[in-house]
2 protein chains.
Amino acid sequence: MALQARALYDFNSENPGEVSVKENEILTLHSEEDIDGWLEGSNSKGERGLFPASYVEILRGNATSALNNNSTSTSGDTYRDSRYANVPPGGFDASYAPQTKVDNFSKSSSSSTFTQQQQQQASDDDWDDDWDDSSTVADEPGSAGRRYQDFDGNGLSTYRVSTSSMSRGNAQHAKSSATVSRNLNRFSTFVKSGGEAFVLGEASGFVKDGDKLCVVMGQYGPEWQENPYPFTCTIDDPTKQTKFKGMKSYISYKLTPTHTQNQVNRRYKHFDWLYARLVEKFPVISVPHLPEKQATGRFEEDFISKRRKGLIWWMNHMTSHPVLARCDVFQHFLTCSSTDEKAWKQGKRKAEKDEMVGANFFLTISTPPAPLDFQEVESKVDGFKAFTKRMDDSTLQLNATASEFARKQMSGFKKEYQKMGLSFKVLGQAFEMDQQPYSARLNQALSFTAEAYDAIGDYFAEQPRKDLDPIMDLLGLYQGHLANFPDIIHVQKGALTKVKESQKHVEEGKMDLAQAEGINDRCNIISCATLAEIQHFHQIRVRDFKAQMQHYLQQQISFFQRVTGKLEEALQKYDDV
Amino acid sequence: MALQARALYDFNSENPGEVSVKENEILTLHSEEDIDGWLEGSNSKGERGLFPASYVEILRGNATSALNNNSTSTSGDTYRDSRYANVPPGGFDASYAPQTKVDNFSKSSSSSTFTQQQQQQASDDDWDDDWDDSSTVADEPGSAGRRYQDFDGNGLSTYRVSTSSMSRGNAQHAKSSATVSRNLNRFSTFVKSGGEAFVLGEASGFVKDGDKLCVVMGQYGPEWQENPYPFTCTIDDPTKQTKFKGMKSYISYKLTPTHTQNQVNRRYKHFDWLYARLVEKFPVISVPHLPEKQATGRFEEDFISKRRKGLIWWMNHMTSHPVLARCDVFQHFLTCSSTDEKAWKQGKRKAEKDEMVGANFFLTISTPPAPLDFQEVESKVDGFKAFTKRMDDSTLQLNATASEFARKQMSGFKKEYQKMGLSFKVLGQAFEMDQQPYSARLNQALSFTAEAYDAIGDYFAEQPRKDLDPIMDLLGLYQGHLANFPDIIHVQKGALTKVKESQKHVEEGKMDLAQAEGINDRCNIISCATLAEIQHFHQIRVRDFKAQMQHYLQQQISFFQRVTGKLEEALQKYDDV
C-alpha cells in the first residue's frame, strides 16, 4: 500500500506543479522524500502534484486514529494552541507558515536570533566592503523585477516586482538568502511582515514617545499625521573617492538636508543598507525603490548622473512621507557626521537592533477614535487594487511609448531633419556655381537654412534627455511603488480574513468575544495604516504627475520655440535676397 | 570578298551597339540590309557595330575610284553643294542629317509639307477628341522622362528628359510618330531645331513687327527685353464638364489673365496643344513642362487639384518669360473667348501655319550692336552646363529627401505623437479609477494633453501638403527646365562649331569671307538668344527658390507655432490641478 498523509491545513495551489489539498484530506505520497520542503503526491481527486511538507502529517500504521484524534480536539484553548503551534494561514489563499520559520519575524519571541543574523550580514566590518561589487544585479532593489502571480492566486496579475520587494519586511533573508530554503520565499507576506502575529496579539514591546505614529481622520479618510517639521534634502554632484591608499574607489554623494544644513557624504551601499532597514521595519508602507544597481560601468559619468537623478527622486519620496521622513534610521542616515565613525556605528547598531519592526511597528500606531467599517475598508482596498493594476498597465505602456519616442527622436527624427539640412546645403552649393552675383545672397540663405535644419536635428536628439527621461524616471519610481502594494494589500486582507475567522469562531463558540475584539482592534490599526498609506500614495501621485507633466510640457514648448526661433532666423536671411 | 562601304561623313557612336566611323574610312559590311536606316559592319580598326546607312556609300566594283573622286572634289561650291545635299553634322558629335529629312523642319523650303502634316494630326476634328484618353503616358510632356546620353556623347550625363523634350522643335513628329522611322528621333537637336539651317543662312521669311524680339545687353550680359505689359493669369478651381449629351466628360480650367480680366475655359488638351506649338517655335527657349498626364483617375479630386497646382506653376513660368508671354499662340490661348468657336479655330489654324518657327524664329531676333566674344560665350555656356548638372543632381537629392521626409511625417512622426497621446489618455483613464476627488483635474489635464498630442500627430501628417509639396512641385518644374537645356546648349554649340569650321574653310580657301561672316553673325544671334535664356533662367530661379524657401520656412514656423500653442493650452490645464 502506498504511503499516505493527512493534510493538516488547507493549501491552495498557486503555481503549476502544485496541487490543492483540504484540511483532513487523505493524500497518497509518491515518495517520502522532502524536496526543499515539498512533498509529491496525489489528493483524493487523484490530482497529482506538490504540496508543502509542513502542511501534512505522514500516516504510519495508526493513521486513522491520528486523524480522528486531531479532528475532534476542537476546544477553544486546543484550537489556539494547535493553530499557533503550527500557524496555518486559515482561509487565506496560498499561505502557509510552519511555526519554526515564523520565529524569525516574530520579534517578541526571537529578537535575539534576528539580531544575530543582522549582525552577521551587516557587521561593521562588512560595512566597508564595496557592496556594489559583491552583490549581483538580481538581488538589488529597483524596478527590474519579474511578473509573479497575484496575492490571491488568480494568476491574472500583471504586477512586476523586484526580488527585494518579494522579501519586503524580510530584508535579512534577502541578504542571507543562501541559508534560506526555497519555500521560505513562498511564505505569505501577511506572515512574513509580522501582520499575522500582530493581529493575533503576539506582538509586544515598549513604545517610546518618539516612536509613536498617528493616523488621523482626514477629509478623504485615514491619513498619516503630517510631518510637523517638513524638510527636503539635496543630493549634489557625486565625487569619486578612494580608500586603502587608492586600492578601492567608490562614489560619494553629498547630501544636505534642509533641517540641518549640514552636508553629509553617503555611498550607494549606505542607501542600500538604509533601504533594507526600512522595508524590514514598515510592513504597510511603500518604501520607494532605490535606483538600479549596476554591475559594470559604475564609475561612468552617464551612470553616475543617472543614479544621482534616481537618488534625488528617491530622496524626494522619502522626505515627502510623514512616517519615513521622521524615522530614526533615516534621520541617522541624513544627519550623522560622515567623519564621526563612532557616532555612525552607534546609530547603525541601534537601527539594526530596533525592536519596533515588523509586527511591533503596528504597536506604534494610534488610530482615530472611531473604528473603521471593515466592509468599507475592504471595498476601498479592492478599488485601490484595481486602480494599481490599471495604473501599472498604463505606466508600462507610457514607459514603452516614451522610450520608443525618445529613440525615434534621437535616430529617425534627427536623421530626417539633418537630411533636409544636407539637401539644402547641396542645393546651395550647386547654386554657388551659377556665376551670377545676384544669387549670392540666396546661396548664403540656403546655407544658413541648411545649418538651421542640421541644428534642429540635434535639438530633436537632445530633447528626450530633457523631457522624456524625467517622465520615464517618474514612471520607474511609481512602478516600484506599484510593485510594493500587492504585499501591503496582502497584509491588510490577511488581517480582515482573521477578523472574519474570529467572528466565525465566536459564533461557533470556539473563541471568546474579548479575543475577537482584540483581533478587530488590531485589524483596525492595520486598516488605518493601509488606508493612510494609500491616501499618501494618491497625494504624492497627483503632486508628482502634475509636476512632471508640467515640466514635460514646458520642456516641449521651449523645444518647439527653439526650433521656431531657428527657423525664424533662417527666414530672415531671405529678406535681403 | 565581303561587301565594303566608304564613310561619307564622320559619325561618332553615342550608344551601345554603334560604331564610330571617319569620313572616307573603308568599312566592311556584314549585310547589305538596312535596318531602320542602320547598317551593320566593322570599321578599319575592326570594331563592329551599327552606323547610319545614309552616312556611307556602298562600294560595288568601282569602289576605289569613287573614293578618290569624292575625296578630291573640294572646291568651295562643290563643298557647299555636297555638304548641303546630304547635310552631315560636320565635326559636331553624333549628329547626322540626310537632307530629305531636314526638309521637314526647314520651313522656307517645305512649309507646305509641314502644314499638311500639322493639319493631318491636329485638325479641327481631332481637336474635339479627348487626347487625355487616346494618348499614352509615354508620349506626354512632363518630367516623367528617362535618362539619356549627354549631347556630347560622353555617357556621363544625368539629365532626365521626357520624350517630348527629346523631340522638342519637332512636335509634329511626336504626334505622328507612327509614320516616323526610328532614326528620325536620333537626329541632332541642332539640325532638328532649325539651328543649323539658320546658321547656314537657309532660313528666310517675312518678319512682322509684332514678331520682332530684342536681346538687349543687361548688367549681367545679354537678356531678353522685358515684357512692357507684364501680366499674370489665375487658374481657378476646375470643373467637370460633359459633351455629346454626357457621353464624354472632361475637366475645364478657368483662366483669368490680368491684362484682359476675361475668364476663358481651357482643357488640359488645349494646354498640350499650346505646349507643342511652343516647343516647335522656340529652339533656344526652355518651355516649361506641363504637369504629368495621367492615364487613369483623371477625374479624382486629388489628381485634379495636383494638376491645377502644376498648371499654376506652368502658367507662372509662361507669363514670367518675356518671349513666351508675348507670343501670339499663347495670347490666343489666353484671350480667345471659349464660346467663340470660329475665332478659336481661326487662331488655332494661324498658329499651326506660323512660319516663324524653328530656324525662322532666329530671324525675329535683334541683338545688341556689339557682337559677342564667342570664346566668352563658350566659356559661359560650359559653365552653365556644369551648373545645370549640379543643380539637377541636387534637386534630385532634395526631391528624394523631401519626399521621404513627407512620408515619414505622415506615417512615423504622426504615429509617434499619437502613440504618446494614447499613452497619456490611457494613464488618465487609469487615474480616473482612483476614487480621489482631488485628482479629477489632473485626469482632465491628462485627457487634454492626450488630445493635444493626437492633434499634433495630425498636424505633422497634414504639414507636408503645405510646405514640402510646394517645394517638390518647384523642383519638378525646374527638373523640366534642366531637361530642356541640353538641347538648347546643343544648338548653341552647334552654331559655334559651324563658326570654327567656317574659319577653317576660309583659311583653307574653301569658303569666302562673306559667307563666314554671315555664319558668324547668325551664330551671334543664336548665342545672344541662348545667353538671354540662361540669364532668364537664373533670374526666375533666384526668384522662385527665394519665394519657395520663404514659403516653406513660413509654413514650418507657423506649424511649430501651432504645435507650441497646442502644448501651451495643455500646460494651462495643469494650473488648476
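The name given to chain A in an unreviewed UniProt entry is Sorting nexin, with Tetraodon nigroviridis as the source organism. Among the UniProt annotations of chain A, the heading Subcellular location (unreviewed entry) holds the following wording: "Cytoplasmic vesicle membrane". In the Sequence similarities (unreviewed entry) part of its UniProt record, chain A is described as follows: "Belongs to the sorting nexin family."

Trainee: Looking at this structure, I do not really get the overall build of chain A. What am I missing?
Mentor: What chain A contains, in helices and strands, is 18 helices and 13 strands. Considering only contacts in chain A between residues 6 or more positions apart, those separated by 24 or more positions represent 72%.

Trainee: When you look at the packing of aromatic side chains in this model, what are you seeing that I'm missing?
Mentor: Geometry of an aromatic ring pair is reported as the spacing of the ring centres plus the angle between the planes. Evaluation of the coordinates by the stated rule reveals 63 aromatic pairs over all chains. Relative to A:Phe361, the ring of A:Phe282 lies with its centre 5.1 Å away and its plane at 90°, an arrangement referred to as edge-to-face. Taken together, the positions of A:Phe282 in the loop between helix H11 (268–281) and helix H12 (301–320) and A:Phe361 in the loop between helix H14 (341–353) and strand E13 (365–366) put the pair 79 residues apart, joining distant regions of the chain. Accessibility expressed as a relative area gives 1% for A:Phe361, which makes it buried. Consider the rings of A:Phe460 and A:Phe559, whose centres lie 4.8 Å apart with planes at 80°: the pair is edge-to-face. Taken together, the residues span a long stretch of sequence, with A:Phe460 in helix H16 (residues 440–466) and A:Phe559 in helix H18 (residues 513–572) at a distance of 99 residues. A residue is classified by how much of its surface remains accessible, and A:Phe460, at 0% relative accessible area, is buried. For A:Phe559, a relative accessible area of 0% gives the class buried. It is B:Arg266 that lies over the ring of B:Phe333; its NZ or CZ is 5.6 Å from the centre.

Trainee: Would you take a moment to explain the sheet that holds strand E13 (residues 365–366) of chain B for this structure?
Mentor: Where strands meet in a sheet, backbone hydrogen bonds hold them as pairs that are either parallel or antiparallel. Residues and elements named next belong to chain B. Judged by pairing direction, the sheet is mixed, and its three strands sit side by side in the order E9-E8-E13 without closing on themselves. The open sheet terminates on both sides in strands that have one partner only, identified here as strand E9 (221–224) and E13. In the sheet, strand E8 (residues 213–218) pairs with E9 via four bridges, with the strands oriented antiparallel. Its bridge partner being in E9, Val215 is matched across the sheet by Trp224. The sheet contacts of helix H18 (residues 513–572) involve E8, E9 and E13, and relative to E9 the element is tilted by about 80°.

Trainee: What should I look at first to understand the relation of the copies chain B and chain A in this one?
Mentor: These two copies of the chain differ by a rotation about an axis and a displacement along the same axis. When chain B is brought onto chain A, the operation consists of a screw motion whose angular component is 180° and whose axial shift is 0.0 Å, with 0.2 Å RMSD remaining. Both chain copies can therefore be described as sitting about a two-fold axis. Proximity to the rotation axis, assessed at the C-alpha, singles out B:Phe560 in chain B; its C-alpha lies 3.0 Å from the axis. Interface overlap between copies is the fraction of interface residues in one copy that are interface residues in the other; for chain B against chain A it reaches 100%, indicating a shared surface.

Trainee: Before we go on, may I ask you to explain the sheet that holds strand E9 (residues 221–224) of chain A in this structure?
Mentor: Residue and element names in this part refer to chain A. Pairing in this open sheet of three strands is mixed, and the strands run E9-E8-E13 from one edge to the other. Strand pairing shows two members of the sheet lacking a second neighbour, E9 and E13, which therefore form its edges. Taken together, the two bridges between strand E8 (residues 213–218) and E13 define a ladder with parallel strand orientation. Bridged to Leu213 within E13 is Ile365.

Trainee: I keep staring at the state of the cysteines and nothing clicks. Help me out?
Mentor: Among covalent bonds in proteins, the disulfide is the one between the sulfur atoms of two cysteines. All names here are of chain A. Across all of its chains, the model carries zero disulfides over all chains by this definition. Cysteine Cys327 is unpaired, with the sulfur of Cys233 as its nearest cysteine sulfur at 14 Å. Given the relative accessible area of 8%, Cys327 is considered buried.

Trainee: For this particular structure, what's the right way to read the environment of B:His538?
Mentor: Among the structural elements, B:His538 can be located in helix H18. Taking C-alpha positions, B:His538 is 42 Å from B:Gly509, a pair spaced 29 residues apart along the chain. With residues near it in sequence (within four places) discarded, B:His538 still touches A:Asp434, A:Gln436, A:Tyr438, B:Phe384 and B:Phe387.

Trainee: Any chance you could explain H11(A) here in plain terms?
Mentor: Residues spaced three or four apart along an α-helix face the same direction, because each turn holds 3.6 residues. Its 14 residues give H11(A) an end-to-end C-alpha distance of 20 Å, which sits within 8% of 20 Å, the value for a rise of 1.5 Å per residue. For H11(A), a buried count of 14 out of 14 residues is recorded, marking the element as mostly surrounded by other parts of the structure.

Trainee: Quick question: what am I supposed to make of the pattern of salt bridges here?
Mentor: Oppositely charged side chains can form a pair if their charged atoms are brought close together. Residue and element names in this part refer to chain B. For the structure shown, the criterion picks out 41 salt bridges over all chains. Measuring nitrogen to oxygen at the nearest pair gives 3.4 Å for the salt bridge that ties Arg48 to Glu40. The salt bridge partner of Lys309 is Asp473, with a shortest N-O separation of 3.4 Å. Note that Lys309 is positioned in helix H12 (residues 301–320) and Asp473 in helix H17 (residues 468–507), a separation of 164 residues in sequence. A relative accessible area of 29% means that Lys309 is categorised as partly exposed.

Cut-offs applied
- Residues numbered from 1 in each chain as written.
- Chains lettered and ligands numbered in written order.
- Predicted model: local features only at pLDDT ≥ 70, side-chain atom pairs only at ≥ 80, totals over all residues.
- Heavy atoms only, no water.
- UniProt positions renumbered as here; feature names shortened; annotations may be inferred.
- Helix = DSSP H or I, 4+ residues; strand = E, 2+ residues; numbered from the N terminus.
- Contact = heavy atoms within 4.5 Å.
- Phe/Tyr/Trp six-rings, centres within 6.5 Å; stacked < 30°, edge-to-face > 60°.
- Buried < 20%, exposed > 50% of the residue type's maximum accessible area, 1.4 Å probe, protein only.
- Lys NZ or Arg CZ within 6 Å of the ring centre and 35° of its normal.
- Pairing = 2+ DSSP bridges.
- Axes fitted to C-alpha atoms, helices over the stretch in contact; angles between N-to-C directions.
- Least-squares fit on C-alpha atoms with pLDDT ≥ 70 in both.
- Disulfide = S-S within 2.5 Å.
- Expected span 1.5 Å × (residues − 1).
- Salt bridge = Lys/Arg side-chain N within 4 Å of Asp/Glu carboxyl O.

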